[in-house]
Amino acid sequence: QKEVEQDPGPLSVPEGAIVSLNCTYSNSAFQYFMWYRQYSRKGPELLMYTYSSGNKEDGRFTAQVDKSSKYISLFIRDSQPSDSATYLCAMRPPHSGGYQKVTFGTGTKLQVIP
Amino acid sequence: ETGVTQSPTHLIKTRGQQVTLRCSSQSGHNTVSWYQQALGQGPQFIFQYYREEENGRGNFPPRFSGLQFPNYSSELNVNALELDDSALYLCASTSGGAGEQYFGPGTRLTVT
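Residues numbered from 1 in each chain as written. Chains lettered and ligands numbered in written order. Predicted model: local features only at pLDDT ≥ 70, side-chain atom pairs only at ≥ 80, totals over all residues. Heavy atoms only, no water.

Residues and elements named next belong to chain A. In space, the five strands of this open sheet follow the order β1-β3-β8-β7-β6, with antiparallel pairing throughout. Two strands lie at the open edges of the sheet, namely β1 (4–6) and β6 (54–58), each paired on one side alone. Here the strands of the sheet are splayed against their neighbours by 15° on average, with no regard to which way each runs. Inspection of the sheet shows strand β7 (residues 61–66) paired to strand β8 (residues 71–76) by six bridges, in the antiparallel sense. (Pairing = 2+ DSSP bridges. Helix = DSSP H or I, 4+ residues; strand = E, 2+ residues; numbered from the N terminus. Axes fitted to C-alpha atoms, helices over the stretch in contact; angles between N-to-C directions.)

Okay, structure coming up:
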């Protein structure tokens, strides 16, 4: 069983829709949770960075973490064609001695149809 | 743009050869991590360098090695290349052990 599970999609939605992306994980030591957006043949771009449980909002993006269920979500409101990309969830335990190992999901490919 | 740069952008090597990839971290960041991303997969952690020392390693064989220099730039070396080494190689920099990781654009390696 992988430490982080993420549905690879693809997920197709019409422009303006609300998108929900999710990941589950098994390692209870994870405390920091990230969402990255990756366009084709590019490096991942950090979208959201959260600590422990709760919600965080940034513009059209909302990240939710439910540590009791080991479940994290990213919501995109008013989706745009420019949001079409692969979305990677990532997580890590607290750092120790400067060391932090980040574990990624496989990524969900999103397509927003105009 | 994150300020993390990588070179070369892409390259093609033959099985059995050796390759060196380079990364310049974001200004002020003293920690560099390297990842391998196969097609359709998430990045897999190779190792991390903090203040010029390797201080963590993923499930990769010793033929994957690295260096970090006093200016915090870094190299990833891969010896005895195998076909399965074909992937996008990403470096990410962080300020210290905490905080966000910022990725470079990656180097796409093809092994034939």
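Residue and element names in this part refer to chain A. Residue placement: Ser 53 occurs in the loop between β5 (45–51) and β6. For Ser 53, a relative accessible area of 42% corresponds to the partly exposed category. Along the chain, Ser 53 and Lys 67 lie 14 residues apart, while their C-alpha atoms are 5.7 Å from each other. A polar contact is formed between the side chain of Ser 53 and the backbone nitrogen of Lys 67, at a distance of 3.1 Å. (Buried < 20%, exposed > 50% of the residue type's maximum accessible area, 1.4 Å probe, protein only. Polar contact = N/O pair within 3.5 Å; in protein donor to acceptor, adjacent residues only side chain to side chain.)

As for its position among the elements, Gly 16 of chain B is in the loop between β2 (10–13) and β3 (19–24). Residues Gly 16 of chain B and Asn 79 of chain B, spaced 63 residues apart in sequence, show a C-alpha to C-alpha distance of 7.3 Å.

Residues and elements named next belong to chain B. Overall, antiparallel pairing links the four strands, which are arranged β1-β3-β8-β7 in an open sheet. What marks the edges here is a single partner per strand, and that holds for β1 (5–7) and β7 (64–68). Shown here is a sheet whose adjacent strand axes are inclined to one another by a mean of 20°, direction ignored.

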